[in-house]
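Listed here are the chains, written in short residue letters.
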Amino acid sequence: MKKLILLASVLPFFMACQTPKTSSTMTTKKINANWVFKEVNGTHTGAATVPGTIHTDLIANGSIEDPFYRTNEKQQQWIDKKDWEYSTNLNITPVEFEKNNIVLTFEGLDTYADVYLNDSLILQADNMFRTWEINIKPFVKNGDNTLKVLLHSPIKKGLELLAASPYAYPAINDQSENGGIGDKKVSVFTRKAGYHYGWDWGPRLVTSGIWRPVILQAWNDIRINDVFVKQPKVTAEVAELIFDIELQVDEAFSCSINILDKNTQTLYTSSDFDFKAGWQKISLPLDIENPKLWWSKGLGEPNMYNFNVEVLDNGQNNICKKEITTGLRSIKLIREKDAIGESFLFELNGVRVFIKGANYIPNDNFLPRVTKDNYQKVIKDAVDANMNMLRVWGGGIYEDDYFYKLCDENGLMVWQDFMFACSMYPGDEDFLNNIKHEAIDNVKRLRNHPSIALWCGNNEINTAWHHYAKGGWGWKEQYTQTQQEEIQNAYLAIFHDILPTVVKEYTDGDDYWPSSPQAGFEPEKHAGYENTSGDMHYWGVWHGQHPFEDFGKYIARFMSEYGFQSFPDFETVKKYTIPEDYNIESDVMASHQRSGIGNLRIKEYMGLYYNTPDNFEDFLYMSQVLQARALKMAIEEHRGAMPYCMGTMYWQINDCWPVASWSSTDYYHKWKAAHYAIKKAYEPILLTVKAEDKSIVIRGISDRLKDINGTLKLLLLDFNGKEISSKSLQVNMLKNASTKFYEIDKTELLGKADSRSVVLKVDFLTNDESVSSNLFYFEKPKDLILEKPTIKTEIAENNGKASLKVTTDKLVRDLYINFPNQSVFLSDNYFDLLPDEIKWIELLTEDEIDINDIKTKYVQ
């Protein structure tokens, strides 16, 4: 056993008071009952839900209609310009009142809040992302107390701060015009979720409220405030850990601190201490031999350790404890110079991992109504699509603890942005100090989660401002040279001083990246489409109107953003529209599309690859087929570029309201065509087929950690299923790599076949079973000669599961199967089906399935 380590902040040992302590003195309760709200100087009042928002309380009380329905959002912009008061009775029991310590904790106040207890002002909050703890012992009474929270309008506060500022700041996604305040972009002045002010996929609904739980704690003697399990060295042989423990002590006393396995109660280590009154910090080392390591999805099990840290008095009574759960792993961002530039890759427990992931935004504009079921669904959507990382994007929130718990348990690594995106920010002392405490609060809260792989300063600010070179988004040209330097100095203070310092001081060596994208750590390393280091946000496809084929032209060391839009399917669209809205250019459909170019941009791209339907429902379907094509092409290019490129995270997995957007699952977590395509493109073993000049090139891509010998089979078929030619060859799929299997001249492969009427099917087989397959078409879908198929469906049992059996007599492309009047999840959808091939699809539902309810669509 190593010698106990004492940090400099721990007070010296001394002869302490030996007063016996009472066992387990802590009492804890949520203050979530009997809240009411009222409009300050107004008429709106009613019962309130805490945690909650003013918008959801107004909905619940019948004061406003659903903001997501049709264009209701426009009529509800008055709400954010009002002040609101929330109040409840806080009952303090005699047992609680007698405690030495009574603390009230607000885990989230949105945002400008004055808190009163019995008419005494006890807190003034100004940051949605911070946790606020108040010692209420001097203010509280035995029995009933009045707790009141006055929430100031974030818009009025923002306008005051804008008026006091020497100039406005860029904030291109702040939909101030929709909010009725003209061009006054006030979001940058308030530490609040940026997307509440609008984004190019979200509405402007600027909330106020007590958005996270309110907790009352009362105790005597001692409280464990925090436990941080440092992991300075983790290998397969040993995990060298240090438990940093912060305690709050009422009076001097002697005690023992034990660390145990929570599940088995096995004692890992125990040490004796003498404490003085006040805040204490100690460190306990612990080595675990042959640890069960935490692995990301696809590499192993995400093993977790559950520890109890207990404080025992001299009589060995347990007087307080804290549970802590973590996983043991070593994770690093590897940036190594090479002949091309500099790598950007993640190494987990010594294994270099190709990242397959997505960007993640908040699940709702009204955050407190995101349930555990919602979190479970979005994480399951990621896991089922073979992902190993999610990026928590910087215009949203530091997510709920439960989100990270699910990531831990499912082997999903997390790229964690700090909450800054697409704006420049003030640099005054109060604002910077607020940011520092916000960062400390959230780094300390999240640092024990093994899923945290990277802390990133911001989203797209470095490349947008582009201080050290020509280019960017045209922001800096709006300011004088002196103003540019002032704004840049604030940028450097936040993203190159405060945030990296917090990460360094409050983690055990977590990696920090200043801005995404960036071509290097230094602020002058601005990202572009040609950089060979750092990460890239590639928006040539979509914003730049590049063809999908350019996904293969612009590839960086790590692709952290790219994407393409689609509509939700018709069943979702019907939830926020009426029939008169069924036109992509209607007011309602335009309102549920926040990228100004969006609906027509989809139509433009559709014309490049597909026949564009006139029917509204068919157009929605084709938009999803188009999006799936884009993301499939992008992911296959990125994975095929291993090891030069070592990560791909498309934009985005989810939505915060029902909308046309870049999401692969809609607001109701219904999978779009893209999510099914992503699931296949993210399989651990993947075959890709690509036309390169006059050749057809086939690659095998593997995440496995061992080489795999197998057979590559090529089969050229016409659309009636007739074999034209075939070829088989033995190949070796290299571990954790992209391997070029085969190259053939396109003319030689086609022979006399009409390129518009044939498809190439490729399979990688081991032990005569296909491990991966793919289809390659020689022409764009709109140029193919597709005949009308006869599709047969039958519900039957397959491998003991309720399934749908599907067959066709002719090739069918992007077959969409839907049960419009039932809630049924299909294990596969939007797929191509070859003639006489049997496709089994598992059906997951709690309903009795009606086969007569089935509807199909396919590309024509």
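Remember, predicted model here, so these are calculated numbers, not experimental data. (Residues numbered from 1 in each chain as written. Predicted model: local features only at pLDDT ≥ 70, side-chain atom pairs only at ≥ 80, totals over all residues. Heavy atoms only, no water.)

## Thoughts on the overall build of the protein
Then, number 1: A count of helical and extended segments in the protein gives 14 helices and 42 strands.
Then, number 2: Relative to the 2.2 N^0.38 estimate, which gives 29 Å for 860 residues, the radius of gyration of the protein is 29 Å and therefore close to what a compact globule would have.
Then, number 3: By residue count, 60% of the 860 residues in the protein fall in the buried class.
Then, number 4: Pairs at least 24 residues apart make up 71% of the contacts formed inside the protein by residues separated by at least 6 positions.
Then, number 5: Within the structure as shown, the protein displays about 33,800 Å² of accessible surface, and the carbon and sulfur contribution to it stands at 47%.
Then, number 6: The averaged location of the 119 negative side-chain charges in the protein is 2 Å from the averaged location of its 92 positive side-chain charges. (Helix = DSSP H or I, 4+ residues; strand = E, 2+ residues; numbered from the N terminus. Rg over C-alpha atoms; globule rule 2.2 N^0.38 Å. Buried < 20%, exposed > 50% of the residue type's maximum accessible area, 1.4 Å probe, protein only. Contact = heavy atoms within 4.5 Å. Areas by Shrake-Rupley, 256 points an atom, 1.4 Å probe, with all protein chains shown as cover. Lys, Arg positive; Asp, Glu negative; His and termini not counted. Charge placed at Lys NZ, Arg CZ, Asp CG, Glu CD.)

## Details of the state of the cysteines
Each disulfide is one covalent bond, formed between the sulfur atoms of two cysteines.
Then, number 1: Inspection of every chain in the model, using the stated rule, returns zero disulfides.
Then, number 2: Of all cysteine sulfurs, the one in Cys456 lies closest to Cys407, which takes part in no disulfide; the gap is 17 Å.
Then, number 3: Just so you know, Cys422 is unpaired, no disulfide at all, and the nearest cysteine sulfur is the one on Cys456, 12 Å from it. (Disulfide = S-S within 2.5 Å.)

## Brief notes about the pattern of salt bridges
Then, number 1: Scanning the entire structure with this criterion turns up 48 salt bridges.
Then, number 2: For Lys81, the salt bridge goes to Asp80, with nearest N and O atoms at 2.8 Å.
Then, number 3: For Asp80, a relative accessible area of 3% puts it in the buried group.
Then, number 4: One salt bridge in this structure joins Glu342 and Arg335, with 3.2 Å as the shortest N-O distance.
Then, number 5: Residues joined in a network through salt bridges with shared partners are Arg70, Glu580 and Asp581. (Salt bridge = Lys/Arg side-chain N within 4 Å of Asp/Glu carboxyl O.)

## Some points on empty space enclosed by the protein
Then, number 1: Tallied over the entire structure, the rule returns three cavities of 30 Å³ or more.
Then, number 2: Of the voids in this model, the largest cavity is the one considered here, and its volume is about 130 Å³.
Then, number 3: Forming the boundary of the largest cavity are 20 residues, of which Gly194, Trp199, Ala421, Ser423 and Tyr425 lie nearest the centre.
Then, number 4: Residue composition of the lining of the largest cavity, by class: ten nonpolar, seven polar and three charged.
Then, number 5: What lines the second largest cavity is simply Asp569, Phe570, Glu571, Glu617, Leu620, Tyr621, Gln624, Tyr816, Asn818, Tyr830 and Lys857.
Then, number 6: For the lining of the second largest cavity, the secondary structure elements donating two or more residues are α9 (570-573), α12 (616-640) and β38 (812-818).
Then, number 7: Here the lining of the second largest cavity takes four residues from α12, the largest share from any one element.
Then, number 8: Its residues assigned to classes, the lining of the second largest cavity comprises five nonpolar, two polar and four charged. (1 Å grid on protein atoms, 1.4 Å probe; cavity = no way out; pocket = protein on both sides within 12 Å on 5 of 7 lines; lining within 4 Å. Points joined across faces, edges and corners; volume = space filled by probe spheres on them. Nonpolar A, V, L, I, M, F, W, Y, C, P; charged D, E, K, R; others polar.)

## Brief notes about unusual backbone geometry
Then, number 1: Here the amide bond leading from Val50 into Pro51 is cis, since omega sits at 0°, within 30 degrees of zero.
Then, number 2: In this structure, the amide linkage connecting Asp110 to the following residue, Thr111, adopts the cis form with an omega of -10°.
Then, number 3: Look at His466: it is not a glycine, yet its phi comes out positive at around 55°.
Then, number 4: On the secondary structure map, His466 appears in the loop between α7 (461-465) and α8 (481-506).

## Overview of the nonpolar core
Then, number 1: Judged by nonpolar contacts, the single largest core of 156 residues is most densely connected at Met387, Phe418, Leu499, Tyr562 and Ile817.
Then, number 2: No other element matches α12, which puts twelve residues into this core.
Then, number 3: Among residues more than four places away in sequence, those in contact with Leu499 are Phe418, Phe420, Ile435, Ala439, Gly457, Ile494 and Tyr512.
Then, number 4: In this structure, Phe253, Leu286, Leu293 and Phe346 belong to the second largest nonpolar core, which totals 49 residues. (Core = buried A, V, L, I, M, F, W, Y, C linked by side-chain atoms within 4.5 Å.)

## Focus on the sheet that holds strand β31 (residues 708-718)
Then, number 1: Reading across the sheet, the four strands line up as β32-β31-β34-β35 and stay open at both edges, with antiparallel pairing between neighbours. Looking along the sheet, the strands with just one partner apiece sit at the ends: β32 (723-733) and β35 (769-777). When strand polarity is set aside, the average angle formed by the axes of neighbouring strands in this sheet is 20°.
Then, number 2: In this structure, β31 lies alongside β32, joined through ten bridges in antiparallel fashion. Within β32, the position partnered with Leu715 by the bridge is Ser726. (Pairing = 2+ DSSP bridges. Axes fitted to C-alpha atoms, helices over the stretch in contact; angles between N-to-C directions.)

## Focus on the sheet that holds strand β17 (residues 318-326)
Then, number 1: An order of β14-β13-β16-β17 is seen for the four strands of this open sheet, with the pairing classed as antiparallel. Two strands close off the open sheet at either side, each with one partner strand: β14 (267-275) and β17. In this sheet, neighbouring strand axes are inclined to one another by 15° on average, regardless of whether the strands run parallel or antiparallel.
Then, number 2: Two strands pair when backbone bridges link them, and strand β13 (residues 253-261) and strand β16 (residues 305-312) are joined in this way by six bridges, in the antiparallel orientation. Bridge pairing in β16 places Ser256 opposite Leu312.

## Considering the packing of aromatic side chains
Then, number 1: Under the counting rule described, the total for this entry stands at 70 aromatic pairs.
Then, number 2: Between Phe551 and Tyr562 the ring centres are 6.0 Å apart and the planes differ by 70°, which places this aromatic pair in the edge-to-face class. Of this pair, Phe551 sits in the loop between β26 (536-537) and β27 (559-561) while Tyr562 sits in the loop between β27 and α9, and the two are eleven residues apart along the sequence. By the burial criterion, Phe551 is buried, and Tyr562 matches it.
Then, number 3: Directly above the ring of Tyr609 sits Lys780, whose terminal nitrogen or CZ lies 5.3 Å from the centroid. (Phe/Tyr/Trp six-rings, centres within 6.5 Å; stacked < 30°, edge-to-face > 60°. Lys NZ or Arg CZ within 6 Å of the ring centre and 35° of its normal.)

## Considerations on helix α11 (residues 598-609)
Then, number 1: Between its first and last C-alpha atoms α11 spans 17 Å; for twelve residues at 1.5 Å apiece the expected length is 16 Å, and the two agree.
Then, number 2: All of the buried residues in α11 are Gly598, Asn599, Arg601, Ile602, Tyr605, Met606 and Tyr609. Viewed along the axis of α11, the buried residues span an arc of 160°, placing them on a single side of the element.
Then, number 3: Against α10 (587-591) and α12 lie the buried residues of α11. (Expected span 1.5 Å × (residues − 1). Arc of directions from axis to C-beta.)

## Notes on the side chain of Ser533
Then, number 1: Take Ser533: it is sitting in the loop between β25 (512-513) and β26.
Then, number 2: Reaching out from Ser533, the side chain makes a polar contact with the backbone oxygen of Ala519 at a distance of 2.4 Å. (Polar contact = N/O pair within 3.5 Å; in protein donor to acceptor, adjacent residues only side chain to side chain.)

## What about the packing of helix α4 (residues 372-384) against helix α5 (residues 401-410)?
Then, number 1: Across the interface, α4 lies against α5 with an axial gap of 10 Å and an inter-helix angle of 35°. Of the two elements, α4 crosses α5, and the hand of that crossing is right-handed. Contacts from Lys372, Tyr375, Gln376, Ile379 and Val383 in α4 reach Tyr402, Phe403, Leu406, Cys407 and Asn410 in α5. (Left-handed = near helix turned anticlockwise from the far one by under 90°.)

## Considering the confidence of the model for the protein
Then, number 1: Chain-level statistics for the protein give a pLDDT mean of 95 and a share of 97% at 70 or above.
Then, number 2: Below a pLDDT of 50 lies the segment residues 1-22, which in the model reaches 52 contacts outside its immediate sequence neighbourhood of four places, other chains included. (pLDDT = per-residue confidence, 0-100.)

## Let's talk about the environment of Cys645
Then, number 1: As for its position among the elements, Cys645 is in the loop between α12 and β28 (647-650).
Then, number 2: Taking C-alpha positions, Cys645 is 21 Å from Ile452, a pair spaced 193 residues apart along the chain.
Then, number 3: If near-sequence neighbours (up to four positions away) are discounted, Cys645 is found in contact with Phe354, Ile555, Ala556, Arg557, Met559 and His638.

## Structural notes on the pairing of strand β5 (residues 101-106)
Then, number 1: Counting buried positions over the six residues of β5 gives six, a clear majority of the element.
Then, number 2: In this structure, β5 lies alongside strand β10 (residues 214-219), joined through six bridges in antiparallel fashion. In the strand pairing of β10, Leu104 is matched with Leu216.
Then, number 3: Sheet analysis places β5 next to strand β8 (residues 132-135), joined by four bridges and oriented antiparallel. Within β8, the position partnered with Thr105 by the bridge is Glu133.

## As for the environment of Leu729
Then, number 1: Its location among the elements puts Leu729 in strand β32.
Then, number 2: In the structure, Leu729 is positioned 13 residues away from Tyr742 in sequence and 9.1 Å away in space, judged by C-alpha atoms.
Then, number 3: What Leu729 contacts, discounting residues up to four positions off in sequence, is Gly710, Thr711, Leu712, Leu714, Phe741 and Tyr742.

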